[in-house]
Amino acid sequence: MVFFLIGFIELLQMQEDKYMLYYISLWVGKIAGLLSKMIGKSGTSIPGMVALKIKPDLLGHLAKQVDHIVLITGTNGKTTTSNLVSTIFSETGEKYINNSEGSNLISGITSSFMKETNLFGKIKDVKYAIIEVDEITLINVLKYVTPDMIVITNFFRDQLDRFGEIDELIKKMENAIRPVKTKLILNGDDPFSYRLKSLKKDTVYFGLNKDAYEFEKHEMSDSKFCPDCGQELIYDHSHYGQLGYYRCPCGFERPFIQYELERIEAEPFVSVQFKGDVYNSQLKGDYNAYNLAAAIACSIEIGVDKEKIKRGIETYKLQNGRMQTFTCNGYRYTLNLAKNHQGVNSTLSSYLKDESEKQMVLFLNDLGADGTDVSWIWDADYELLNRPDVTRVICSGRRAYDLAVRIQYAGIPKEKIEVYPSIQEAVEEATKLPMNSYFISTYTALEQVRTSLERHPNVKQEQVQRSNEA
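The following paragraphs examine the structure supplied in this document. Predicted, not measured: the structure shown is a model, and the values here were computed from it.

## Quick notes on the packing of helix α15 (residues 423–430) against helix α16 (residues 443–455)
When two helices pack together, their arrangement is given by the angle between their axes and by how far apart the axes lie.
Part 1 of the reasoning: One can describe the packing of α15 onto α16 by two numbers: an axis separation of 10 Å at closest approach and a directional angle of 40°. With respect to α16, the element α15 is oriented oblique. In the crossing of α15 with α16, the sense of the turn from one axis to the other is right-handed. Contacts from Ile423, Gln424 and Val427 of α15 reach α16 at Ala445, Gln448, Val449, Ser452 and Leu453.
Part 2 of the reasoning: Here the contact of α15 with α16 is composed, by residue class, of five nonpolar, three polar and no charged.

Following this line, the structure appears as structure tokens:
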């Protein structure tokens, strides 16, 4: 069957009628997606994967049918920011395309556009597309798509086997963006993102006022050096990581921030203030202030009015393992994705505000989507777990033993560390202790962890709702 399908695709590629190839790629892709769902798979990226085998430039033909395209990328926060902007945009009543349920690789993005086509390959009544894009995938996507704007949340060291060091990644992205006429929405607190000023595009910046909030400080693991001259950057104020008020004697310094949050409240949910207006969310984790800043900036630049932005932010609920909460026998279970050192540090800072007795359940995979190089765990501040109220640390996933070694080197006593490579077994073991439990997972383990929690007979999805009271 597989050989037949490959042969059929090769035969199709020999056809000279590009319009016929366009239609056939759509039909075959849609059928493949349907078959995928019938055998129990999600089917979200399969349509695009198959269709692109037949017509590699299919995304370009689909994207031309949509008037306005926004691409959202960056190391951390792109999924939450993209979903926030989509929820905000839904308040306008306009139809739009979004890949919230699919992949941020080119196959998943293509699938999202394909989903809106009719039998004749037309996308009707859809003027906007809000698309999350993997950083490296952006380079390929820009060959076929001309976005109105590109939002970049931040740059941290991540998946070194795929991206290389930050300098290498940024140079590749600069080369891809340079010939494209687009607006940039950048994190002005991030000196790496600010490097893209060299492209001389129409650019606006988002960020946080230095008095907005006091984040927990960690040792800066990423470069502290000026990208223009190589001198060490001077920080007048640091939020976390390399984000903050930076400057260099050569003149490289934090730009004027058009979308600067004035105040942040983090408990029990994150709320932010911009130009005197308060935007309440149901997000947990103080680092989400940056995602809210990016979403507010993007939405205003799109043209969404203030009240719709407020309603969209307030109604958005996480259901994808990003600070998703459950209850088990009266105790709270919280799950979050963290795929690099900064993600782990930010998540731990949020989790450890709970001073009650607790256990940590950590999952580390090394598949392609995670990054096969897991050396980043030595940059994460797991030393924070060395405190009396953390009674147990469970290590799980394909690299569970590597993680356990790192935890031991962080000073956590051996008797507190348990290793269960099986994700299902780790979740089962965690539910046996009556205490608050905090789960941190890399990308490919996340869905299995979330599903295991949702299907466990003693675990319930926590129903949270922000009060409307001031």
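So that's the structure; there's more coming.
## Observations concerning the sheet that holds strand β10 (residues 263–265)
Part 1 of the reasoning: On the basis of which strands lie adjacent, the open sheet formed by three strands has the order β10-β11-β12 and antiparallel pairing. The sheet is open, and its two edges are formed by β10 and β12 (277–280), each paired on a single side. Direction aside, the axes of adjacent strands within the sheet are offset by 20° on average.
Part 2 of the reasoning: Bridge count for β10 against strand β11 (residues 271–274) is three bridges, and the pairing is antiparallel. Looking at β11, one finds that Ile264 is bridged to Val272.
Part 3 of the reasoning: The strands touched by helix α11 (residues 288–302) within the sheet are β10, β11 and β12, with β11 carrying the most contacts at an inclination of about 45°.

## A closer look at the nonpolar core
Part 1 of the reasoning: Residues Tyr382, Leu385 and Ile407 are the most contacted members of the largest nonpolar core, which totals 71 residues.
Part 2 of the reasoning: Excluding its chain neighbours within four sequence positions, the residues that come into contact with Tyr382 are Val344, Leu348, Leu362, Trp376, Ile377, Leu403, Arg406, Ile407, Ala410 and Ile412.
Part 3 of the reasoning: Within the second largest apolar cluster, 48 residues are counted, among which are Ala63, Ala176, Leu186 and Ile257.

## Here's the deal with the pairing of strand β18 (residues 436–441)
Part 1 of the reasoning: A large share of β18 lies buried, amounting to six of its six residues.
Part 2 of the reasoning: With burial as the criterion, each face of β18 is covered, one bearing Asn436, Tyr438 and Ile440 and the other bearing Ser437, Phe439 and Ser441.
Part 3 of the reasoning: Relative to β18, strand β15 (residues 358–363) is paired through six bridges, and the arrangement is parallel. From the neighbouring strand, Phe363 faces β18, where its bridge partner is Ser441.

## Describing the sheet that holds strand β1 (residues 68–73)
Part 1 of the reasoning: Judged by pairing direction, the sheet is parallel, and its seven strands sit side by side in the order β2-β3-β1-β4-β5-β6-β9 without closing on themselves. Looking at which strands have only one partner, the edges of the open sheet turn out to be β2 (96–98) and β9 (259–261). Taken pair by pair, the neighbouring strands of this sheet meet at an average axis angle of 10°, ignoring direction.
Part 2 of the reasoning: Against the sheet, helix α6 (residues 106–114) contacts β1, β2 and β3 (128–132), and its axis sits at roughly 155° relative to β3.

## Section: the packing of aromatic side chains
Where two aromatic rings form a pair, the distance of their centres and the angle of their planes describe that pair.
Part 1 of the reasoning: Counting across every chain of the model gives 17 aromatic pairs.
Part 2 of the reasoning: Considering the side-chain rings of Tyr333 and Phe439, the 5.5 Å spacing of their centres and the 40° angle between planes classify their relative orientation as tilted. You can see Tyr333 sitting in strand β14 (residues 331–337) and its partner Phe439 sitting in strand β18, a full 106 residues away along the chain.
Part 3 of the reasoning: An aromatic cluster of three or more residues is present, and its members are Tyr194, Tyr205, Tyr235, Tyr246 and Phe252.
Part 4 of the reasoning: We note Arg254 situated over the ring of Tyr245; from NZ or CZ to the ring centre the distance is 3.9 Å.

Calculation notes
Residues numbered from 1 in each chain as written. Predicted model: local features only at pLDDT ≥ 70, side-chain atom pairs only at ≥ 80, totals over all residues. Heavy atoms only, no water. Axes fitted to C-alpha atoms, helices over the stretch in contact; angles between N-to-C directions. Helix = DSSP H or I, 4+ residues; strand = E, 2+ residues; numbered from the N terminus. Parallel < 35°, antiparallel > 145°, perpendicular 65-115°, else oblique. Left-handed = near helix turned anticlockwise from the far one by under 90°. Contact = heavy atoms within 4.5 Å. Nonpolar A, V, L, I, M, F, W, Y, C, P; charged D, E, K, R; others polar. Pairing = 2+ DSSP bridges. Core = buried A, V, L, I, M, F, W, Y, C linked by side-chain atoms within 4.5 Å. Buried < 20%, exposed > 50% of the residue type's maximum accessible area, 1.4 Å probe, protein only. Phe/Tyr/Trp six-rings, centres within 6.5 Å; stacked < 30°, edge-to-face > 60°. Lys NZ or Arg CZ within 6 Å of the ring centre and 35° of its normal.

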